Every structure is written in C-alpha cells, then in structure tokens.
Amino acid sequence: MKKAVAEFIGTFALVLFGCGTAVIAGMGTGPTSVDVLGIAMAFGLAIVAMAYGIGQVSGCHINPAVSFGVLVAGRMTTQDFITYVIAQILGAIAGALVLYLIMTGKASGWNGGLGQNGWGPGYLGEYSLSSAFIFEVVATFLFLVCILGVTQRGAPVGLAGLAIGLTLVVIHLIGINITGTSVNPARSLGPAIVGAGVKPERLAQVWLFIIAPLIGAGIAGYLFKSGILAADDVVPDRGGGGRTEVAPGASAPRKKG
C-alpha cells in the first residue's frame, strides 16, 4: 500500500506540474509565460522532486513504461508491476482532473487543452504517425537506459534523481513539437481521459502513447537483463568498504534485513 500511495502521489505531481505548466504558462505571451524550455524543465524538475521525495518508498517510477522496463530487467515482481501501474494511472487521472478544475475557473475561457499528447494535422509541429511512433519508442528506450543505468549496482546513489530528471528535460526539448512528449502511458492517459469530452481525437490517439513507450522500455530492460548494459558483478571500491547500493531513482528499494 505504501508503494501504491507513493506512485499515485508522484504521478499526480508529474501530471499537475508538467501538464499544468504547458497549459497555464506554456507557449503564451507576457511576463508569466514560458516556452519549450520552461515546459521541459517543469517535467524534469517534477521528476527530480519526486525521486527524492518518494524514491525510498517506491523507487519513484511514476510511469508504467519505467515499471515495465524494471520488470523486464528482473528488478521487480509482476504483482508489484500491476500495483504500480494501477496507482500511476489513477494518479495521472487525478492530476489531470485537478488541472481541469483549475482551468474551468479561467474567466476568459479555455480551449479544453490539458497537455494531451498527439500527432498529425493541427497538433503542434504536425508530424506524421510514423514520426510520432519512432520518437516515442526511441526516446523511451534512451530514458530507460538512463534510469536502469543510474540505479544499478555501483552507480552514484545521490545523483540518480538529478540524472533522470535532466534526461527527461532533454527528451522534452526535442519531443514537445513532435508529440508533446509522452514516454509515459499514464501521463498520456490521464489528460486524454479527463479531456475526452472536448478533445476526443486525443483519446483516440492515446494507443500510440501506450504501445510505443512499452516497446522502448522493454528493449532497454532486456539489454540490462541480458547483461549487455549491466555493470560488472565486481564493482570497484569507492571508499565505502566495497559496499554499493541501488540508487532510489527507479527500482524499488531493498527490504531491510
């Protein structure tokens, strides 16, 4: 239950802060507006904050694709995976719902946008289905390479959350104009479901943001599970008596002995 609550809160924060920045301040004009860099930073900093806030409880996946990659890598059980995904999706829906309630109070009205992901004519850079699919697979793969790499034995424990957050910033910088950047099925599902009444076309496209990230995450997980990207069994002593720890950023913490 503790892990589920942590994943719910973490995903809630990611959607509210990330999508909220895109909707409320993103691409606007005037002193309170931000652009692509500001939106990218909002998503990345939300990850950093939650990594250090709930990382010791659940590992701060807050993303079904991350949980899937961790599962494939052999670092979590199927039961935990199912629990995590349910909590993540519910957290994303709750975050999108709070954002929706905030936006309905805007006196000048609003177009129904909740930071939904998409592609094609009328959506940001108007990239094709194939471009969107390729980007989401590759970006999620690279994201998981970072996550699984910085949370394996021998990695610097204290820097994991920062490395993961900055990687997400870079991914958003390139991907916002393509798909709005998902690499996270829950982040896409929440706004798409809550905003379906106004933008049903985004809910119709959400399948891509489930399938593509899972493919990319699965490939990364396999590379670590097979040992191709895994660190050597013998980890160099870094002055701690030969002991290493799994960093808190992506995989659930070890049970205390």
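Residues numbered from 1 in each chain as written. Predicted model: local features only at pLDDT ≥ 70, side-chain atom pairs only at ≥ 80, totals over all residues. Heavy atoms only, no water.

Caption draft 1: Summary view of the overall build of the protein chain. Along the protein chain, the regular secondary structure elements total nine helices and zero strands. Scanning the protein chain from its N terminus toward the C terminus, one meets helices and strands in the order α-α-α-α-α-α-α-α-α. The buried share of the protein chain, reckoned over its 257 residues, is 49%. Of the contacts formed within the protein chain by residues at least 6 apart in sequence, a portion of 79% connects residues at least 24 apart. By element, 67% of the accessible surface of the protein chain is carried by carbon and sulfur atoms, the whole surface being about 11700 Å². (Helix = DSSP H or I, 4+ residues; strand = E, 2+ residues; numbered from the N terminus. Buried < 20%, exposed > 50% of the residue type's maximum accessible area, 1.4 Å probe, protein only. Contact = heavy atoms within 4.5 Å. Areas by Shrake-Rupley, 256 points an atom, 1.4 Å probe, with all protein chains shown as cover.)

Caption draft 2: Broad picture of the nonpolar core. Grouped together as the largest cluster of nonpolar side chains are 48 residues, with contacts concentrated most on I62, F143, L144, L148 and I164. Only α1 (2-25), α2 (36-58), α3 (64-72), α4 (78-103), α5 (129-150), α6 (160-179) and α9 (208-225) provide two or more residues apiece to this core. The dominant element in this core, judged by the number of residues it contributes, is α5, at eight residues. (Core = buried A, V, L, I, M, F, W, Y, C linked by side-chain atoms within 4.5 Å.)

Caption draft 3: View of α5. Taking 1.5 Å of rise per residue, 22 residues should cover 32 Å, and α5 covers 32 Å from first to last C-alpha, within 8% of that figure. Buried within α5 are the following residues: A132, F135, E136, V137, A139, T140, F143, L144, C146, I147, L148 and V150. Buried residues belonging to α5 abut α3, α6 and α9. (Expected span 1.5 Å × (residues − 1).)

Caption draft 4: How the structure looks around the pattern of salt bridges. Inspection of the entire model under this criterion finds one salt bridge. Across the pair K3 and D80 runs a salt bridge whose closest N-O atoms are separated by 3.5 Å. Residue K3 is located in helix α1, and its partner D80 is located in helix α4; the two are separated by 77 residues in the primary sequence. (Salt bridge = Lys/Arg side-chain N within 4 Å of Asp/Glu carboxyl O.)

Caption draft 5: Layout of the packing of aromatic side chains. Under the criterion given, the structure shown has four aromatic pairs. Both rings, one in W119 and one in W207, keep their centres 5.9 Å apart while their planes meet at 85 degrees; by these two values the pair is edge-to-face. Of the two residues, W119 sits in the loop between α4 and α5 while W207 sits in the loop between α8 (200-204) and α9, which places them 88 residues apart along the sequence. Both rings, one in W119 and one in F209, keep their centres 6.1 Å apart while their planes meet at 55 degrees; by these two values the pair is tilted. A residue pair is termed long-range when its members are at least 10 positions apart, and W119 in the loop between α4 and α5 and F209 in helix α9 qualify at 90 residues. As far as burial versus exposure is concerned, W119 and F209 are alike and both buried. Taken together, the ring pairs in this structure connect W119, W207 and F209 into an aromatic cluster. (Phe/Tyr/Trp six-rings, centres within 6.5 Å; stacked < 30°, edge-to-face > 60°.)

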